[in-house]
Amino acid sequence: MNVSVGLIEGQSAAEVELTGAFTDASGKPYRPGRYRFTSEVTLTPSDPASCAFALDDVTIGIGFHWQRTERQVFRGTFRLMKRAAGITVINDVPLEDYVTSVISSEMSASCPLELLKAHALISRSWLWFPKANPARSRSGGRLDSHEVRRWYGREAHPDFDVCADDHCQRYQGITKAFSPAAAAAVRATAGEFLRYQGAICDARFSKCCGGMTERYATAWEDEAIPYLESVCDGPAQSGSNSPETWIRSSPPAYCNTDDSELLSRVLPGFDQETRDFYRWRVAYSPEELADLIGSRLGADLGPIRDLQALARGPSGRIYRLKISGERDYIIIGKELEIRRALSRTHLYSSAFVVDKESGRFVLRGAGWGHGVGLCQIGAAVMANEGKTYTEILQHYYRGTTVSV
């Protein structure tokens, strides 16, 4: 099975550097070198194992605090499509090669083997799930004069199966060094899926849950999914504190780690720039918040007077937030919309409490990402402690099994 991955969209032209010989659909050969395309073309490698193509200035982490451009190298077929918005660059690649790249891009190829195996399995399951459930996880919500309620699903890519960035799963071709362990993890789990009552799971994951994973409905549709409920990210429940008390503390959890050696092994270089992933702090003046709300939501509320959490999930993540200004108010949700509205990029998470200090709003938060499903840093710690990939998966996805 091949996977079609969208690499770049909305460009007037695409420049590519070929390594090895390629041919187009008419049989015309393309020798190694640089080419510029402004029309549709499909280039097939003469030898998939040795031929590659490189793209300069590929944007990664789009909209997030780690956004940047990279030169990336890919194997497989290079395909261009023309759309009204511009050229789309697509990479057609075998499924298991795709999974190998994902686990080396989402995390690091030097991760513990059992984490790589767990991630290979959930990345494969996440990709396959929509094929059996095409109506699930569509973007949606409602918008009126005082309430915005949005979530972002997986149907936004009609021309390809999956995008290459954090909106889907990170896929950076062969740019990140593949390790023997990454290849071994994919071989060891080849054909395996995470299943619940026999069906392939929608295996969500995030970077750091903050000590407690979140339920599916906090981030997406109002739907209860048994294997995507909240679990404590530790060997035992560490307490039943309120979300506010939980966030203000630093309870023990798998993902509550400052093991710099382990983090350097499991996080890609740009992710290592974020060290306050378990507990974090940001501060804004009322005017700064008003500018953010105006630019992100188009709402003119005036200087902000109050931020009030109206609804939280089990991990403390807010999914309904009231923002009151001197002129008006607005209620926003779900969790990603809140994170987008309160940052020039994205807040690490929507699990935060608000204090007013010296005329400023101080947000004290927990975790990095939506927190649903597997916690990547927590899973890395579990693997480092000797847990197997099936133990890791059964911890984060309760009631699931692993099978072909």
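Each remark here, short or long, concerns the structure printed above.
Computed from a predicted model, the values in this text were never measured in an experiment.

Asks: Tell me about the sheet that holds strand E3 (residues 22-23), and please be specific about residues and values.
Replies: Strands sit in the order E4-E3-E6-E9-E10-E1-E13 across an open sheet of seven strands; the sheet is mixed. Both outer strands of the open sheet, strand E4 (29-30) and strand E13 (162-163), are each paired with one neighbouring strand and no more. Here strand E9 (residues 77-83) runs beside strand E10 (residues 86-94); their pairing, made up of seven bridges, is antiparallel. Counterpart to Leu 80 in the pairing with E10 is Val 89.

Asks: How would you sum up the pattern of salt bridges? Please name residues and give values.
Replies: Applying the stated criterion across every chain yields a total of 26 salt bridges. When the shortest N-O distance is used, the salt bridge between Lys 356 and Asp 306 registers 4.0 Å. Here Lys 356, found in strand E21 (residues 352-357), pairs with Asp 306, found in strand E18 (residues 304-312); they are 50 residues apart in sequence, far enough to count as distant. Judged by its relative accessible area of 54%, Lys 356 falls in the exposed class. The class of Asp 306 is partly exposed, set by a relative accessible area of 31%. Here the residues in one salt-bridge network are Glu 15, Glu 17, Arg 34, Arg 36, Asp 56 and Arg 71, joined through shared partners.

Asks: Go over the nonpolar core, please, and point to the residues and values.
Replies: Proteins that are soluble and globular tend to have nonpolar side chains buried together. Ranked by size, the top nonpolar core spans 86 residues in total, and within it Leu 7, Leu 55, Phe 78, Tyr 98 and Tyr 397 carry the most contacts. Looking at this core element by element, the count peaks at nine residues for helix H2 (residues 113-132). In this structure, Leu 7 is in contact with Phe 53, Leu 55, Val 58, Phe 74, Val 89, Asn 91, Ala 164 and Tyr 171, ignoring residues within four places of it in sequence.

Asks: Pulling in residues and values, what's your account of the environment of His 395?
Replies: Here His 395 is to be found in helix H10 (residues 389-396). Exposure remark for His 395: the relative accessible area of 9% places this residue in the buried category. Sequence separation of His 395 and Ala 379 is 16 residues, and the distance between their C-alpha atoms is 9.2 Å.

Asks: Please provide a residue-by-residue account of the sheet that holds E21, values included.
Replies: By definition, the strands of a sheet pair up through backbone hydrogen bonds, in either a parallel or an antiparallel sense. Overall, antiparallel pairing links the three strands, which are arranged E17-E22-E21 in an open sheet. Edge positions in the sheet fall to strand E17 (279-284) and E21, since each has one partner strand and no second. Within this sheet the neighbouring strands show an average axis-to-axis angle of 20°, counted without direction. With six bridges joining them, E17 and strand E22 (residues 360-366) adopt antiparallel strand pairing. Of the residues in E22, the one forming a bridge with Ala 283 is Val 362. Helix H7 (residues 286-297) rests against E17 and E22 of the sheet, and its axis sits at about 95° to E17.

About the criteria used
- Residues numbered from 1 in each chain as written.
- Predicted model: local features only at pLDDT ≥ 70, side-chain atom pairs only at ≥ 80, totals over all residues.
- Heavy atoms only, no water.
- Pairing = 2+ DSSP bridges.
- Helix = DSSP H or I, 4+ residues; strand = E, 2+ residues; numbered from the N terminus.
- Salt bridge = Lys/Arg side-chain N within 4 Å of Asp/Glu carboxyl O.
- Buried < 20%, exposed > 50% of the residue type's maximum accessible area, 1.4 Å probe, protein only.
- Core = buried A, V, L, I, M, F, W, Y, C linked by side-chain atoms within 4.5 Å.
- Contact = heavy atoms within 4.5 Å.
- Axes fitted to C-alpha atoms, helices over the stretch in contact; angles between N-to-C directions.

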